[in-house]
Amino acid sequence: MRMPPFNLHTPETLEQAISLSSELGDSGEEFDWVAGGTDLLPNYKWHLNVKPHVISLAKVSELSKLSETHIGAMVRLHELEDSDGVHPLLSKVAAMVASVMIRRSGTVGGNICLDTRCFWFNQTEEWRESIDWCYKCDCGTGADCRVIPNQNTLCVATYQADLAPVLMCLGATIHLAGPSGARSMPLHEFFELDGKTRNVLKTGELVTHLTLPDDSGEWMGDYQKLRQRDSWDFPEAGVAVAWKLGEGGAPAELRVATTGLESIPGYHDEEAATILGDWKGRASLEDLAESVRTAVKPVLNTWYPPSYRRKMVKVLTKRAGSGLTEV
Amino acid sequence: MSGKKKVEGYRQQSGKLPFPRPGSGGSRRTSEPRDEEAIAASKAADGHRHDDLITGSTIGKPTGLIDSRWKVTGQAQYGDDIRLPGELIGRIVRSTRHYARVLSIDASAALELPGVVAIATGEDAPARFGVLPVTKDEHAMAVEKARHVGDPIACVAAVDEDTAREAVRLIEIEYEDLDAIHDMRKGLEDSPEPIHDRGDYHIGSSNVQKRVFQEFGDIGGMTENAIASHTSDWLFAGANHGFTEPHAVVANWDPSGRLTLYTPQQVPHYVHRALADVLETPMHQINVFRTFVGGGFGGKSDPFPHEMCAAILSRKAGRPVRINFDREEVFWVNRGRHPSRIEMNLHADSQGRICGIETDALIDGGAFASFGHVTTYYNGVLHTAPYEIGAFHYTGARVWTNKPASGAMRGHGAVNSRCAVEVGMDDLAEKLGVDPITLRLANLLPPHSATITGFRVTSIGMRECLERVKEASGWDEKFRKLPDGHGIGIGCGFFISGSGLPIHWEPNKFPHATVHLKIDMDGGVTVHTGAADIGQGSDTVVAQSVAEVLGLPLDMIRVRSRETDTSPVDLGSYSSRVTFMNANAAISAAMNIREKLLEAASIVTGVSSDTLVIGDRRIYDKRDPGIGISYLEALHKAQEEKGALVSSGAYRTPPMGRVHKGAGAGIAPAYSFSAYVAEVKVDAETGQTKVLKIWAAHDCGKALNPLSVKGQMIGSCHMGLGQVLSEEMKYGRNGHLMNPDLLDYKIPSVHEMPEVVPIIVESNDSEGPFGAKEAGEGPLLPILPAVCNAVYDAIGVRTSELPITPDRMYRLIERRCKKESVEPSDLHSPRLEHSELQGVLESRAAEHAARDSARASMEDDSPYHNGALFGFDPLVPADEQDDRWIVSVTPSEEYVGSPRLAGSAWKHAERRHGGGI
């Protein structure tokens, strides 16, 4: 494997980074942001959608702030895992990402913006040539999608990052900055249902940080991850369930989110609201699990077959929500 | 029986030979007289023939490998660490088609790229090669056809890697696609364009590369006598070795016109031969230099196209060429475990005897033959022990498909079918209402026996293995008694300790292994051996053997094993032969030197050399240790007249085996045995299997280096766990290999690896060096069935597909739940109530235990023939006593009329017999 050549830019402030991105954008030069590099650089080695410029955020120290309610985009996953004051659920999920070494380098922003994955796509250049390329990286050929054939308008590569469902369940807001200013939105509105575009980031825009609402400390919950090995592997399915208890010990608020099943993480607010409206304890959890199972539509492009992943979503939801029936 | 028995074999049956003793096979029909003295006598009632050589200095002591400091300090040079001045970087252009005719290769644009020095294609070296002389079907680069995605088409040498990669992109290849075959079952059928053409020997116009038919014993009575039968259809996914170091090679033609090839090879000698063929250069002009090997496991034992490519490019460019693989290319070369479809049926009679084993194995060879000829036999013949059986029916076929080639991988050919047999034994025990360990203990062959196929088995530690894992694991308290979802299971193994019939050799002309020793006045001993240390510690074993015989510390032994220019020929590190054969050769060489030292000491001390002993750098009178001289004094005295002391020692196998076609496959001078117990936890709701602990007992004869033996056992567990739990070469709907990388080829991580309790069993083999047998491959076999059987104990489902990834497991759980109308969380573990047979088997096991210990120490080692358990005279093969016991290696017309899956390969006739196009 050889890294293809690219121009590396290392701005030291957010302002410099954005002006650099806007300069490149104005001159029509394509570029990628790189944070920890654990996702982008392996993809570059495989010549996946390589750009001539890469802007590194490693020196932009203002993105590394971490507090109970503020998580900078450049906070490393292991910091999330080890630092005091981080929501316990967030620490737990951070510790489940990939491997120890990747967590030393990988960042929160990078994990949120993780490229979608597909076994027709995450392959070497020679391998992809042998299948005449695919829609996600068509090398100028206009190739069809290999998962859903005979179409080249939608990419169904799978979003396989762990942090997003937990952050969504904790009510996180994502903050972006770019040449046309800063903007914020609830995290679940950040993603766009297509494996190629993936999210709302415009050219030159980047994630600066996430914030959690002040009451996030009152939320509890769990994250369950399906994978072959307890290290390295991306989630084949991941379910986060979080709740805030009301009076009498019943859940007053309930959120459910999933990952590893579609091109974006799933935020199952309707399912959660329906079940919460008529909360009956254990039976309701069963109903919730079933409704999440029917809500997700995985395709055959990761290690496990989609039928199995879907069935496991139900089991994972029940397990992630098991704390609800113990109260 | 008075009349002449009908002979259904390629040659003739034993006892009816035109020559007095059966030879060990090969192309010659007759054995030639040989110097029996060269095969050291191996009989000693109260000890081992090497016991008098043991000085107690190193053998049997846990010893760090002598090259370990090189490795842990990062100074060991692996394939890609070799840097020669002026080197070029080579890259291989690989096929993007599964199966295609190569119409044209246009390298003009690549040649114009600055920095590109040489480009070669198949035309530059059209000679075929292959590891087995009978199946040479590979080229350095595609000649006419590309046979799988990743097949080499051309190669490029350039000043740096970027340029080489760019040149690869610029080479235009025009293909004409042909109909590719991906399903191994399709390979059995006639094809308009078979993947290879074997001329007159082609089997019909199919893609069958090798087929085997064997019937031994009372085939007719097999099902008739059975009161319980196990039937199963297995599907095993292909597995890759997953060694750490990707293939890498450096080739350099020096100014004197000689080629040196630096390569991490398990078998330098075969590369040496293949290079000579392909480059049309005599062997003496080629030096194969084995670098440190970053793991092999069988995956570095073929001569490879990239080794040829480097040599061809270097010759064209006049500069050294280095080729280093990406991990993906390792998967294209592959030579891993064959994807297999195995039908396995076992039958037990009213006495709880195994009255028959029927096996039908179809194995997917991928695009090339590699070791497949042997693999096809091994899938059958290596499960005719350790149990005494009433009948053995085997049909095997290996087919070519348009996938990366399968080949030899740790436990070569034995792993999958052994798993099927051992799971079958577990199921038979269940059906008979007996404990599976008792069933095994009551059906073992004793020491010094002959299997139904005629393998001569010397030492057998199987019983001790079973007894020790049973005790260590607390089997009786756990089996069928653990809580739901928890289970415990047993599996056994049997493996060759060195192939009795070498691949590339004239067994009557050359020894299997040769070791040279040289000692000069400094006292250090230089050992020249060609045995390839691939991390298993063969350098250490040979050093230990020499140190032991000469009574020297290990640091006085220097091993030179790297270059074919200086080392004697060794057949390489495969078939678990190195310790057995090479250490035996080393002992012979060292005995030779020792004699000279004792003679010299005798002259100085005046004590007869018969009463002199050697130990700790001193030679002294054993009756009065005060009389003696130092090792160096003796050495210098011995050197007075002749300078440096040199000696050569060799080993070859004794004559063994029967004479039917294929009788040579699976014969070995000794066999290893093992029994493992695994304890697992299965999550019924997700199908996830977690192995909690493994108790592993392996009979290695004598642990020359217990540290290494334990390491091999633990490493085997890890490798076997991979195959049983998660490792799988996945092929997509278009036949593409979907996971040629280590993220998606799921080798177990440290989290999946349970505690392993290694238990070394020493049966003290009469012919092994200091009693030793192999410990490299056999230890892998039992782990697969042990886990499968433990899963059944935990959750009551029997798998017949590996790996048991959670999705597959969950499917089986769902099936059981549906049948019983319960939820996964309500599934119960199976329970066992002993039948009356349990008592019968227990008393037979006790009788046999007494029989075995008597046989292990008796002086007469005439074999106990398989069949005695069924009432025959143990001194004569059962087929010579009863007409119902047959030996047949050709299928009857009746069989061909309704064959099993792999057996259907026999529907075709070879072209020379009128088959095919």
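Residues numbered from 1 in each chain as written. Chains lettered and ligands numbered in written order. Predicted model: local features only at pLDDT ≥ 70, side-chain atom pairs only at ≥ 80, totals over all residues.

Thoughts on the overall build of chain A
1) Next: A count of helical and extended segments in chain A gives twelve helices and eleven strands.
2) Next: For 327 residues, the compact-globule formula gives about 20 Å, and the C-alpha radius of gyration of chain A, at 20 Å, lands near that figure.
3) Next: Projected onto the principal axes, the alpha-carbon positions of chain A cover approximately 60 × 45 × 35 Å.
4) Next: Across the 327 residues in chain A, those meeting the buried criterion constitute 51%.
5) Next: The contacts of chain A with a sequence gap of at least 6 include a subset with a gap of at least 24, amounting to 65%. (Helix = DSSP H or I, 4+ residues; strand = E, 2+ residues; numbered from the N terminus. Rg over C-alpha atoms; globule rule 2.2 N^0.38 Å. Buried ≥ 20, exposed ≤ 12 C-beta atoms within 10 Å, placed from the backbone. Contact = placed C-beta atoms within 7 Å.)

Concerning the overall build of chain B
1) Next: Counting its secondary structure elements, chain B contains 20 helices and 31 strands.
2) Next: C-alpha atoms of chain B, sized along the principal axes, occupy 85 × 75 × 60 Å.
3) Next: Taking all 917 residues of chain B together, the buried fraction comes to 60%.
4) Next: Taking the contacts inside chain B whose residues are at least 6 apart along the sequence as the reference set, 81% of them involve residues at least 24 apart.

A word on the sheet that holds strand 7 (residues 208-217) of chain B
All names here are of chain B.
1) Next: If you walk across this open sheet you meet the seven strands as 29-8-13-14-15-7-31, and the pairing is mixed. Of all the strands in the sheet, the pair left with one neighbour each is strand 29 (801-802) and strand 31 (886-888).
2) Next: Sheet analysis places strand 8 (residues 226-236) next to strand 29, joined by two bridges and oriented parallel. Bridge assignment links leucine 235 to a residue of strand 29, and that residue is glutamate 801.
3) Next: On the sheet, helix 9 (residues 415-432) packs against strand 8, strand 13 (340-349) and strand 14 (354-364) and is oriented at approximately 35° with respect to strand 13. (Pairing = 2+ DSSP bridges. Axes fitted to C-alpha atoms, helices over the stretch in contact; angles between N-to-C directions.)

Considering the domain arrangement of chain A
1) Next: The domains assigned to chain A are domain 1 (1-57) and domain 2 (218-326).
2) Next: A separation of 35 Å is found between the C-alpha centroids of domain 1 of chain A and domain 2 of chain A. (Domains from an automatic or database assignment.)

Section: the interface of chain A and chain B
1) Next: On the chain B side, the residues contacting the 20 residues of chain A number 25 residues.
2) Next: Counting residues per element, the ones that place at least two in the side of chain A that touches chain B are helix 7 (125-130) and helix 11 (306-320) of chain A.
3) Next: Residues belonging to the side of chain A that touches chain B are distributed by class as follows: eleven nonpolar, four polar and five charged. (Nonpolar A, V, L, I, M, F, W, Y, C, P; charged D, E, K, R; others polar.)

Some remarks on helix 4 (residues 88-95) of chain A
All names here are of chain A.
1) Next: For helix 4, every residue scored as buried is listed here: Leu89, Leu90, Val93 and Ala94. Taken around the axis of helix 4, the buried residues stretch over an arc of 135°, which confines them to a single face.
2) Next: Looking at the buried side of helix 4, the elements it contacts are helix 3 (77-82), helix 5 (100-105), helix 8 (163-169), strand 8 (220-226) and strand 9 (237-245). (Arc of directions from axis to C-beta.)

What about the domain arrangement of chain B?
All names here are of chain B.
1) Next: As assigned here, chain B comprises domain 1 (54-75 + 508-651), domain 2 (84-178 + 244-295 + 300-328) and domain 3 (216-240 + 336-500 + 660-888).
2) Next: Placing a centre on the C-alpha atoms of domain 1 and another on those of domain 2 gives a separation of 39 Å.
3) Next: On the side of domain 2, 14 residues touch domain 1, which itself brings 14 residues to the contact.
4) Next: Its residues assigned to classes, the side of domain 1 that touches domain 2 shows five nonpolar, five polar and four charged.

Structural notes on the sheet that holds strand 23 (residues 618-621) of chain B
All names here are of chain B.
1) Next: One open sheet holds the three strands; their spatial order is 22-23-24, and the pairing between them is antiparallel. Two strands close off the open sheet at either side, each with one partner strand: strand 22 (612-615) and strand 24 (628-630). Averaged over all pairs of adjacent strands, the angle between their axes in this sheet comes to 15°, without regard to strand direction.
2) Next: With three bridges connecting them, strand 23 and strand 24 associate as antiparallel partners. In the strand pairing of strand 24, arginine 618 is matched with serine 630.
3) Next: Helix 14 (residues 578-605) rests against strand 22, strand 23 and strand 24 of the sheet, and its axis sits at about 120° to strand 22.
4) Next: Most of the contacts of helix 15 (residues 631-639) go to strand 24, to which it runs at about 85°, and overall it touches strand 23 and strand 24.

Observations concerning unusual backbone geometry
1) Next: A cis amide bond links alanine 385 of chain B to the next residue, proline 386 of chain B, at an omega of 5°.
2) Next: As for its placement among the helices and strands, proline 386 of chain B is situated in the loop between helix 8 (372-381) and strand 15 (391-399).
3) Next: Positive phi is not limited to glycine here, since cysteine 139 of chain A has a value of about 50°.
4) Next: Summarising the element assignment, cysteine 139 of chain A is placed in the loop between helix 7 and helix 8.
5) Next: Judged by C-beta crowding, with 14 C-beta atoms within 10 Å, cysteine 139 of chain A ranks as partly exposed.
6) Next: Backbone geometry places arginine 198 of chain A, a non-glycine residue, at a positive phi of 70°.

Some words on the nonpolar core
Residues and elements named next belong to chain B.
1) Next: The biggest cluster of nonpolar side chains holds 357 residues, and the ones touching the most others in it are Val156, Ala157, Cys309, Val546, Ile783, Val787 and Val791.
2) Next: A per-element tally of this core places helix 14 first, with 14 residues.
3) Next: In contact with alanine 157, other than residues within four places in its own chain, are Leu88, Ile89, Gly90, Val117, Ala118, Ala164, Leu313, Ala317 and Val321. (Core = buried A, V, L, I, M, F, W, Y, C linked by C-beta atoms within 7 Å.)

Regarding the environment of arginine 117 of chain A
All names here are of chain A.
1) Next: Within the secondary structure, arginine 117 sits in the loop between helix 6 (108-112) and helix 7.
2) Next: The sequence separation of arginine 117 and glutamine 160 amounts to 43 residues, and the corresponding C-alpha distance is 7.0 Å.
3) Next: If near-sequence neighbours (up to four positions away) are discounted, arginine 117 is found in contact with Asn122, Ala157, Thr158, Gln160, Phe234 and Thr302.

A short note on the environment of serine 105 of chain A
All names here are of chain A.
1) Next: Mapped onto the fold, serine 105 is located in helix 5.
2) Next: Serine 105 gets classed as partly exposed once you count the C-beta atoms within 10 Å, which come to 16.
3) Next: Taking the C-alpha atoms as reference points, serine 105 and methionine 185, 80 residues apart in sequence, are found 26 Å from one another.
4) Next: If sequence neighbours within four positions are ignored, serine 105 has contacts with Gly36, Gly37, Thr38 and Arg76.

Considerations on the confidence of the model for chain B
Residues and elements named next belong to chain B.
1) Next: For chain B, mean pLDDT is 91; residues scoring 70 or higher make up 93% of the total.
2) Next: Counted against residues more than four places away or in other chains, residues 1-46, with its pLDDT under 50, gives 76 contacts.
3) Next: If you check the scores for this complex, the pTM reads 0.94 and the ipTM reads 0.96. (pLDDT = per-residue confidence, 0-100.)

So, the pairing of strand 18 (residues 486-496) of chain B
Residue and element names in this part refer to chain B.
1) Next: A large share of strand 18 lies buried, amounting to ten of its eleven residues.
2) Next: In this structure, strand 18 lies alongside strand 26 (residues 671-683), joined through eleven bridges in antiparallel fashion. The residue bridging cysteine 492 from the neighbouring strand is alanine 675, located in strand 26.

Looking at the packing of helix 9 of chain B against helix 17 (residues 783-795) of chain B
All names here are of chain B.
1) Next: Where helix 9 meets helix 17, the closest approach of the two axes is 8 Å, and the angle between their N-to-C directions is 35°. Crossing of helix 9 over helix 17 shows right-handed handedness. From helix 9, Val415, Arg418, Cys419, Glu422, Val423 and Asp426 reach across to helix 17, where they touch Leu784, Pro785, Cys788, Asn789 and Tyr792.
2) Next: Counted by class, the contact of helix 9 with helix 17 contains seven nonpolar, one polar and three charged residues. (Left-handed = near helix turned anticlockwise from the far one by under 90°.)

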